[in-house]
Amino acid sequence: MLPELPPLPALTRAEGELIDRYLETIDLLGRINPARHGDTYGGLRAAQALVRKAAELRDALALMHRRGETELHGDTLARALRVLDGERRAARVTLPPDAVD
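Reading guide: rules and limits
Note on numbering: residues in each chain are counted from 1, in written sequence order. Only residues with pLDDT of at least 70 get local features here, since the model is predicted, and only at 80 or more are side-chain atom pairs given and counted; chain-wide, interface and lining totals rely on the full set of residues. Side-chain numbers come from the whole structure's heavy atoms, not from hydrogens or water. Numbering goes from the N terminus for both helices and strands, where a helix is a DSSP run of H or I of at least four residues and a strand is a run of E of at least two. Exposed residues in this analysis have more than 50% of their type's maximum accessible area, buried residues have under 20%, and partly exposed residues fall in between, with area computed by a 1.4 Å probe over protein chains only. Residue contacts follow a heavy-atom distance rule, with two residues in contact if any of their heavy atoms lie within 4.5 Å. Put plainly, a pocket is an open set of points on a 1 Å grid over the protein atoms alone with protein on both sides within 12 Å along at least five of seven lines, a cavity is a set where a 1.4 Å probe fits but cannot get out, and a lining residue has an atom within 4 Å of a point. Grid points are joined across faces, edges and corners, and a volume is the space filled by probe spheres set on the points. Only Asp, Glu, Lys and Arg are considered charged, only Ala, Val, Leu, Ile, Met, Phe, Trp, Tyr, Cys and Pro nonpolar, and every remaining residue, Gly among them, polar. Given a helix with a known number of residues, its expected span is that number minus one, times 1.5 Å. Given a residue, its bend is the angle between the two axes fitted to the seven residues that end at it and to the seven that start from it. Whenever a nitrogen or oxygen atom comes within 3.5 Å of another N or O atom, the pair is scored as a polar contact, on the condition that within protein one atom can donate a hydrogen and the other can accept it, and that pairs from neighbouring residues in sequence are kept only if both atoms are in side chains. Here the nonpolar core consists of buried residues drawn from Ala, Val, Leu, Ile, Met, Phe, Trp, Tyr and Cys, with membership extended through side-chain atoms lying within 4.5 Å. Picture the helix axis, draw a direction to every C-beta atom, and the arc is the one those directions span.

> What exactly am I supposed to notice about the overall build of the protein chain here?
Helix and strand counts for the protein chain stand at four helices and zero strands. For the protein chain, the α and β elements follow one another from N to C terminus as α-α-α-α. The C-alpha extent of the protein chain, read off along each of the three principal axes, is 50 × 35 × 25 Å. Among the 101 residues that make up the protein chain, the fraction classed as buried is 27%. Within the protein chain, contacts between residues at least 6 apart in sequence are counted, and of these 80% link residues at least 24 apart.

This is the structure in structure tokens:
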């Protein structure tokens, strides 16, 4: 049986949208990462999708700003990212460790 995940912290709808769009963008950047194995076609498709997701991320932030949500609550948003596997997903964007020969 899988362990039960901690509950997501309370987020506004706009904060939830921000988290979702951010993670989708991170996933695409991980697929494009030239330091990872993959094919150019998969990277190209991810780069094409990244344009749309970046616009959606911008729109989520703009909506928050228009609604008067002018502050990002880093601790709360970081907890949400951790519950949604954000650390593993973001790690795909970084350089992999050096291979030891």
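> Looking at this model, I keep getting lost on the layout of surface pockets. Mind explaining?
Where empty space is left in the structure can be found by rolling a water-sized probe over the atoms. Of the voids in this model, the largest pocket is the one considered here, and its volume is about 170 Å³. Of all elements in the fold, only α1 (13–32) and α2 (40–66) reach the threshold of two or more residues within the lining of the largest pocket. It is α1 that contributes the most residues to the lining of the largest pocket, three residues altogether. A breakdown of the residues in the lining of the largest pocket according to their chemical character gives two nonpolar, six polar and three charged.

> Looking at this structure, how should I read α2?
Each α-helix winds once per 3.6 residues, and so residues spaced three or four apart point in a common direction. The first and last C-alpha atoms of α2 sit 39 Å apart over 27 residues, in line with the 39 Å expected at 1.5 Å per residue. When the local axis directions of α2 are compared, the greatest deviation, roughly 30°, occurs at L50. Of the residues making up α2, those classed as buried are G43, A46, A49, L50, K53, L57, A60 and M64. Lining the buried residues of α2 we find α1. Two or three places before Y41, at the start of α2, stands the capping residue D39, its side-chain oxygen 3.1 Å from that residue's backbone nitrogen. Immediately downstream of α2, the backbone of G68 shows phi near 90°, a positive value.

> Is there a simple way to think about the nonpolar core in this case?
Soluble globular proteins: nonpolar side chains tend toward being buried together. Among the nonpolar cores identified, the biggest contains nine residues, and these are A14, L18, I19, L23, L57, A60, M64, L77 and A80. Put simply, the parts of the chain that give this core at least two residues each are α1, α2 and α3 (74–83). Take this core: its biggest share by element is four residues, from α1. Beyond its immediate sequence surroundings of up to four residues, L57 is in contact with L18, R21, Y22 and T25.

> What exactly am I supposed to notice about α3 here?
The complete set of buried residues in α3 reads L77, A80 and V83. Considered in projection along α3, the buried side chains sweep an arc of 120° and stay on one side of the axis. Among the exposed residues of α3, those pointing more than 90 degrees away from its buried face are D75 and R82. Residues of α3 that are buried in the fold lie against α1.

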